[in-house]
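Structural characterization, general
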Amino acid sequence: MNWFLLVVSGCIELVFTFCLSKVSKTAGLEKGLWCIGTASAIALSLFLVTKVLKTLPIGTAYAVWTGIGAVGTVLMGILFFKEPVSFGRLFFIFTLIVSIIGLKVVSS
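Source: prediction; values computed, not measured. (Residues numbered from 1 in each chain as written. Predicted model: local features only at pLDDT ≥ 70, side-chain atom pairs only at ≥ 80, totals over all residues. Heavy atoms only, no water.)

**Looking at the packing of helix α1 (residues 2-23) against helix α2 (residues 28-52)**
- One way to put it is that α1 packs onto α2 with a least axis distance of 8 Å and a crossing angle of 160 degrees. Judged by the angle between their axes, α1 and α2 are roughly antiparallel. For the pair α1 and α2, the crossing hand works out as left-handed.
- Here the contact of α1 with α2 is composed, by residue class, of 18 nonpolar, 5 polar and 4 charged. (Axes fitted to C-alpha atoms, helices over the stretch in contact; angles between N-to-C directions. Helix = DSSP H or I, 4+ residues; strand = E, 2+ residues; numbered from the N terminus. Parallel < 35°, antiparallel > 145°, perpendicular 65-115°, else oblique. Left-handed = near helix turned anticlockwise from the far one by under 90°. Nonpolar A, V, L, I, M, F, W, Y, C, P; charged D, E, K, R; others polar.)

In structure tokens form, the structure reads like this:
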């Protein structure tokens, strides 16, 4: 269950980064709403990850949490924000994913 919560918390990091990108591109009331979304996603993600840290090693949990956020954010940038795709970016995303899986395997 804690690994599931950790993955959910990492995915909520993606909501945070998506909202953050919208904050930088909007104004007025819309900007305020995206700010509320950003703050809410940060709070929920941190709440979940602190629950997970009661049972999982902090080094592993933090690496997985930030790794999910990093991989997801790069993929979101490519898919939604037209960021460039290159062999190097995809290669290092792949190595990050393999590392996250490796940490899960050695921590179980």
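**Let's talk about the pattern of salt bridges**
- Evaluated as defined, the whole model comprises 1 salt bridge.
- Here Glu83 makes a salt bridge to Arg89, at a shortest N to O gap of 3.3 Å. (Salt bridge = Lys/Arg side-chain N within 4 Å of Asp/Glu carboxyl O.)

**Focus on the packing of aromatic side chains**
- Counted under the stated rule, the structure contains 5 aromatic pairs.
- With 5.7 Å between their ring centres and 55 degrees between their planes, Tyr62 and Trp65 make a pair best called tilted. With Tyr62 and Trp65 both in helix α3 (residues 58-80), this residue pair falls 3 residues apart, about one helical turn.
- An aromatic cluster of three or more residues is present, and its members are Phe18, Trp34 and Phe81. (Phe/Tyr/Trp six-rings, centres within 6.5 Å; stacked < 30°, edge-to-face > 60°.)

**Structural notes on the confidence of the model for the protein chain**
- Mean pLDDT over the protein chain: 92, with 99% of residues reaching 70 or higher.
- Within the protein chain, no element has a lower average pLDDT than helix α4 (residues 87-107), which sits at 89, and none a higher one than α2, at 97. (pLDDT = per-residue confidence, 0-100.)

**Observations concerning the nonpolar core**
- Within the largest apolar cluster, 15 residues are counted, with the highest numbers of intra-cluster contacts made by Trp3, Leu6, Val52, Leu56, Ala61 and Val64.
- Contributing elements (two or more residues each) for this core: α1, α2 and α3.
- Considering every element that reaches this core, the biggest residue donor is α1, with 5 residues.
- Discounting chain neighbours no more than four positions away, the residues touching Ala61 are Leu6, Val52, Leu53 and Leu56. (Core = buried A, V, L, I, M, F, W, Y, C linked by side-chain atoms within 4.5 Å. Buried < 20%, exposed > 50% of the residue type's maximum accessible area, 1.4 Å probe, protein only. Contact = heavy atoms within 4.5 Å.)

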